[in-house]
Amino acid sequence: MQRKESANLPLHGGHPPKWLFDRMIKLSGAICEVILDEFGSNEFLNRISNPYWFQAFSCVLGFDWHSSGTTTTTLGALKRSINPEEHGIYLSGGKGAKSRKTPEGIEHAGHVFNLKNTTIEEMVKTSRLTAKIDNSCIQDGFTLYQHHFFVTEKGQWAVVQQGMNIENKFARRYHWMGENVASFLENPHSGISCDKKNKKTLNMATKDSKEAQKISVDLINDNPEHLRQYFKRKDN
């Protein structure tokens, strides 16, 4: 799998002006149509799952400042500009409460594209797994608050999601390309967008953590209650 490295996003509040966002919707739709006509839906997913291309795409649309809002605004514009029946792509999910409605969106996309029930069920499971991995298996201090799931009429998928670190006021964006994921626990990402690398990060979704994965499962199966004694605060 091609590694696409990374980049970091300072947390900023507020919203882009309406006139700018309206232009971003129109331009994102036009660029999307060109890519789909020239290269197809799989290439569009491949580009959207590349953190560098995604960042450049945001700048081209007009969001030309380095911010956590890059993710929110760009995906918000795409969600408005992409027409599933016209473009053959459905974008589900969003920020906050909208992210929890992703399974409903995937099911709707499946009906629009007439996908098999097993395919829909697998993608719903995939959506939950990608979120769980980036939120729990990668312990880097970032908590997910955005989740976006792309589905094509051919059953291909990609994920772009973002986490927040309240302490250092930075956001981290995670990219997944479905066709590159051979295993969810062996380096499944196409890229993780961040500037700062934390040497203390625990990544349980890498092939280097196979032994730790095995031991973790063994501990759970062996009733983890007896482990509580090791985490109890000792009274002085």
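Above this note sits the structure.
Described below are features of the structure shown in this document. The model shown is predicted, which means the values in this text are computed figures rather than measured ones.

A word on the side chain of Thr74. With respect to the secondary-structure elements, Thr74 resides in helix 4 (residues 69–81). When sequence neighbours within four positions are dropped, the list of residues in contact with Thr74 reads Met24, Phe54, Phe57, Ser58, Leu61 and Gly69.

The next thing to look at is the packing of aromatic side chains. Here the structure, examined in full by the defined rule, presents four aromatic pairs. Across from the ring centre of Phe39, 4.8 Å away, lies the NZ or CZ of Arg47, which sits over that ring.

Turning to the pattern of salt bridges, a few remarks are in order. Taken as a whole and assessed by the stated rule, the structure comprises five salt bridges. Across the pair Arg47 and Glu43 runs a salt bridge, and its minimum N-O distance is 2.9 Å. Taken together, the residues span about one helical turn, with Arg47 and Glu43 both in helix 2 (residues 41–48) at a distance of four residues. Judged by relative accessible area, Glu43 falls into the partly exposed class, the value being 24%.

Walk down a regular strand and you will see the side chains alternate between the two sheet faces. With nine of ten residues buried, strand 4 (residues 143–152) lies mostly within the body of the structure. Summarising the sheet, strand 2 (residues 89–95) and strand 4 pair through seven bridges and their orientation is antiparallel. Paired with Ser92 across the bridge in strand 4 is Phe149. Here strand 4 pairs with strand 5 (residues 157–165) via eight bridges, running antiparallel. Opposite Leu144, over in strand 5, you have Gly163 as the bridge partner. The loop that links strand 4 with its antiparallel partner strand 5 comprises four residues; one of these, Gly155, has a positive phi angle of about 85 degrees.

Before going further, it helps to spend a moment on the environment of Val112. Take Val112: it is sitting in helix 6 (residues 102–112). For the pair Val112 and Glu85, spaced 27 residues apart in sequence, the C-alpha to C-alpha distance is 7.4 Å. Apart from the residues lying within four places of it in its own chain, the contact partners of Val112 are Pro84 and Glu85.

Conventions used here
The numbers attached to residues start from 1 for each chain and follow its sequence in the written order. Totals for whole chains, interfaces and linings use all residues, but because this is a predicted model, local features are given only for residues with pLDDT of at least 70 and pairs of side-chain atoms are given and counted only at 80 or more. Only hydrogens and water are removed before side-chain values are computed, so all heavy atoms of the structure are retained for them. Helix and strand definitions follow DSSP, with helices as H or I runs of at least four residues and strands as E runs of at least two, each counted in order from the N terminus. In this analysis, two residues are considered to be in contact whenever any of their non-hydrogen atoms come within 4.5 Å of each other. Here the aromatic set is Phe, Tyr and Trp, taking the six-membered ring for Trp, and pairing holds for ring centres within 6.5 Å; pairs whose planes are under 30 degrees apart are stacked, those over 60 apart are edge-to-face, and all others are tilted. The rule for a charge over a ring is simple: NZ of Lys or CZ of Arg within 6 Å of the ring centre, and within 35 degrees of the ring normal. Criterion for a salt bridge: a side-chain nitrogen of Lys or Arg within 4 Å of a carboxyl oxygen of Asp or Glu. Under the scheme applied here, a residue whose accessible area is under 20% of the maximum for its type counts as buried, over 50% as exposed, and between as partly exposed, the area being computed with a 1.4 Å probe on protein chains only. For two strands to be treated as a pair, DSSP must find no fewer than two bridges joining them.

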